Amino acid sequence: MPAIVIAEAGGGGYDLPAKLTSQVVVCSIIAAFGGLMFGYDIGISGGVTSMDDFLKKFFPTVYIKKHHVHEDNYCKYDNQYLQLFTSSLYPAAIVASFFASTFCRKFGRKPTIQAASVFFVTGAILNMLAKNLGMLIAGRLCLGAGVGFGNLAVPLFISEIAPAKYRGGLNICFQLLITVGILIANMINYKTSNVHPYGWRISVGGASVPAVILLIGSFVIVETPVSLIERGKTDQGIRTLRKIRGVEDVEKEYQEILRSTEFAKQIKHPFKDLMNRPNRPPLVCAILLQVFQQFTGINVIMFYAPVLFQTMGFGSDASLLSSVVTGLVNALCTLVAILTVDRCGRKILLIESAIQMIIAQCTMGALLKVHLHSTNVMPHNLAIVVVILVCVFVSSFAWSWGPLGWLIASEIFPLETRNAGYFFAVSSNMLFTFLIAQAFLTMLCHMRSYIFFFFAGWLFTMGCFAIFMLPETKGIPIHEMKDRAWKKHWFWKRYFKDELVVLELQEKVEVKALD
């Protein structure tokens, strides 16, 4: 049997007994296949856009530019329609996540995950059978709907079923599966790039596999006790709580959930209430975490790694193989986050990685500035150094801003605004992923090597944010987050000034009554 985990309740003055049960672990892993879907798409899109068969069919002008010997190294792939293939998923995800937030609240986390699977399978089939660019984009839009539903529901699901002490590690399973999805996609692209003329169809059609696994697995997972109790299914909620905690005495945790849900029911317009002053700290931090996650420059590497490596002079096969290497580094280093996030905390990982990524980005930018010009081929030994630097960059992202952006955003909102708040987090992520994906190839053409210094500047900003503006959330139960994180933060506590005054008055009255 797993060891008993005591999840500290904090302000309540008592402990919440819970085991890390096999039920919680299995449910978390199955749900995290939503991350595998997302990661597979990220990895596949970048590799497919470097395949000649794909380019000849849908983007012939890019194919011609790619093989023109006098074409500028930095501008070979500068095509808005090619960028639209990659980025069109994300506007759909933004719209879908809005509907998913309402769907998730009314029907539960489990049906939302199932809907994500159906959307994703549909999109993968459309892409695999695409006859023209319109059909290809339609498939991307369906994939976007799946990403919107899945990325909203899965982190919430895992955060709500996990004991507080292990919430961080379990939630990072979502990001781990994203990295595994990217790795698998890179490996498949490497193999299918030599399957002519339909290798790209195998690649994009493969996205249906993790979606089908998630759909089948979704019938095995339980609904979260929070969602059940929130929707009035109290008896079922208590039974589920006993099941996932592995103990009979769940009364204390049940009362905490019930108290939160009763308060949440008083909030008729959660999106409007989210704008109230006490709700601004988690909203601002959740949004900034998602924006910063994209401005690390990670999706430049993940989407366009094969394109970037070909720009440096690697052949098609070599560039795809280099992407496999970076994907493997990404997956392995995400395990570091799982092992350390609930021991070291969130802030220290964010700060250390920002420094490491700044060094990697600046060094890459300097090497490309000096050695990669408009029409030359970068010396092979230096190109290898750049690949190593990409791995250094990816490794630091994998144990920090990648998983923790999703984790922290899923755990900092109170129940009454959790779905609405997490919608803003997910939609912010999708919006800025779209902007980066749509703009990068054009930015690369115009900014050239300076694009790496552009992202380094953002990394400095987000490092300062992690140091000064983000509270530590390690080990704090979600329903205690306001009292133990936000109200004690040097800056954000001013947003709870009125509540703190009331509490002080209550304490004074209680002291006088005792005297």
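See the structure shown above.
All values reported here derive from a predicted model rather than from experimental measurement.

A. Seen up close, helix 21 (residues 401–411). For helix 21, a buried count of 11 out of 11 residues is recorded, marking the element as mostly surrounded by other parts of the structure. Residues of helix 21 that are buried include every one of W401, G402, P403, L404, G405, W406, L407, I408, A409, S410 and E411, and no others.

B. Representation of a nonpolar patch on the surface. A contiguous nonpolar surface patch, about 300 Å² in accessible area, is contributed by V95, F98 and F99. Inspection of the secondary structure assignment puts F98 in helix 6 (residues 89–107).

C. Quick look at the packing of helix 2 (residues 33–48) against helix 9 (residues 167–192). At their nearest, the axes of helix 2 and helix 9 sit 6 Å apart, and the two run at 35 degrees to each other. Crossing angle aside, the handedness with which helix 2 passes helix 9 is right-handed. Two secondary-structure elements touch here, helix 2 through F33, G34, G35, L36, F38, G39, Y40, I42, G43, I44, G47 and V48 and helix 9 through F174, L177, I178, V180, G181, I182, I184, A185, N186, I188 and N189. Looking at the contact of helix 2 with helix 9, its residues break down into 15 nonpolar, 8 polar and no charged.

D. Structural detail: empty space enclosed by the protein. For the structure on display, the rule yields 3 cavities of 30 Å³ or more. As a volume, the largest cavity reaches approximately 150 Å³. Elements with a minimum of two residues in the lining of the largest cavity: helix 2, helix 9, helix 16 (280–295), helix 17 (298–311), helix 21 and helix 22 (418–447). In terms of residues, the lining of the largest cavity owes the most to one element, helix 9, which gives 4 residues. The residue makeup of the lining of the largest cavity, split by class, is 8 nonpolar, 9 polar and no charged. Each pocket or cavity is described by its volume, and for the second largest cavity that value is around 50 Å³. Every residue along the wall of the second largest cavity is listed here: Y40, D41, I44, S45, F85, N127, R140, L143, V204 and A207. Looking at the lining of the second largest cavity, the elements with two or more residues in it are helix 2 and helix 8 (133–161). Residue contributions to the lining of the second largest cavity peak at 4 residues, all from helix 2. Residues belonging to the lining of the second largest cavity are distributed by class as follows: 6 nonpolar, 2 polar and 2 charged.

E. Broad picture of the pattern of salt bridges. This structure, assessed with the given rule, holds 13 salt bridges. A salt bridge links R259 to E256; the shortest N-O distance between them is 3.2 Å. In this pair, R259 and E256 both sit in helix 14 (residues 251–265), 3 residues apart, roughly one turn of the helix. Residue classification places E256 among the buried positions, given a relative accessible area of 8%.

F. Representation of the nonpolar core within the structure. Ranked by internal contacts, the top residues of the largest apolar core, which has 134 residues, are F54, F393 and W401. Ranked by residues supplied to this core, first place goes to helix 8 with 12 residues. In terms of nonpolar packing, the next biggest core, distinct from the first, is built from 10 residues, V226, I238, Y254 and L415 among them.

G. Structural view of the packing of aromatic side chains. This model, assessed by the stated rule, comprises 29 aromatic pairs. Their ring planes at 75 degrees and their centres at 5.6 Å tell us that F271 and F423 sit as a pair that is edge-to-face. With F271 in helix 15 (residues 270–273) and F423 in helix 22, the pair connects residues that are 152 residues apart, well separated along the chain. In this structure F423 comes out as buried when scored by relative accessible area, which is 9%. Taken together, the aromatic side chains of F292, F295, W401, F432, F454, F455, W458 and F465 make up a single cluster linked through ring pairs. The cationic tip of R277 hangs over the ring face of Y495; the distance from NZ or CZ to the ring centre is 4.4 Å.

H. Highlighting the environment of V195. Within the element layout of this structure, V195 appears in the loop between helix 9 and helix 10 (199–205). With a relative accessible area of 26%, V195 lands in the partly exposed category. Those residues within four positions of V195 in sequence are excluded, and the remaining contacts are D53 and I202.

Calculation criteria
Residues numbered from 1 in each chain as written. Predicted model: local features only at pLDDT ≥ 70, side-chain atom pairs only at ≥ 80, totals over all residues. Heavy atoms only, no water. Buried < 20%, exposed > 50% of the residue type's maximum accessible area, 1.4 Å probe, protein only. Helix = DSSP H or I, 4+ residues; strand = E, 2+ residues; numbered from the N terminus. Patch = residues over 30% accessible without salt bridge, like charges linked within 9 Å, V, L, I, M, F, W, Y side chains within 5 Å. Areas by Shrake-Rupley, 256 points an atom, 1.4 Å probe, with all protein chains shown as cover. Salt bridge = Lys/Arg side-chain N within 4 Å of Asp/Glu carboxyl O. Axes fitted to C-alpha atoms, helices over the stretch in contact; angles between N-to-C directions. Left-handed = near helix turned anticlockwise from the far one by under 90°. Contact = heavy atoms within 4.5 Å. Nonpolar A, V, L, I, M, F, W, Y, C, P; charged D, E, K, R; others polar. 1 Å grid on protein atoms, 1.4 Å probe; cavity = no way out; pocket = protein on both sides within 12 Å on 5 of 7 lines; lining within 4 Å. Points joined across faces, edges and corners; volume = space filled by probe spheres on them. Core = buried A, V, L, I, M, F, W, Y, C linked by side-chain atoms within 4.5 Å. Phe/Tyr/Trp six-rings, centres within 6.5 Å; stacked < 30°, edge-to-face > 60°. Lys NZ or Arg CZ within 6 Å of the ring centre and 35° of its normal.

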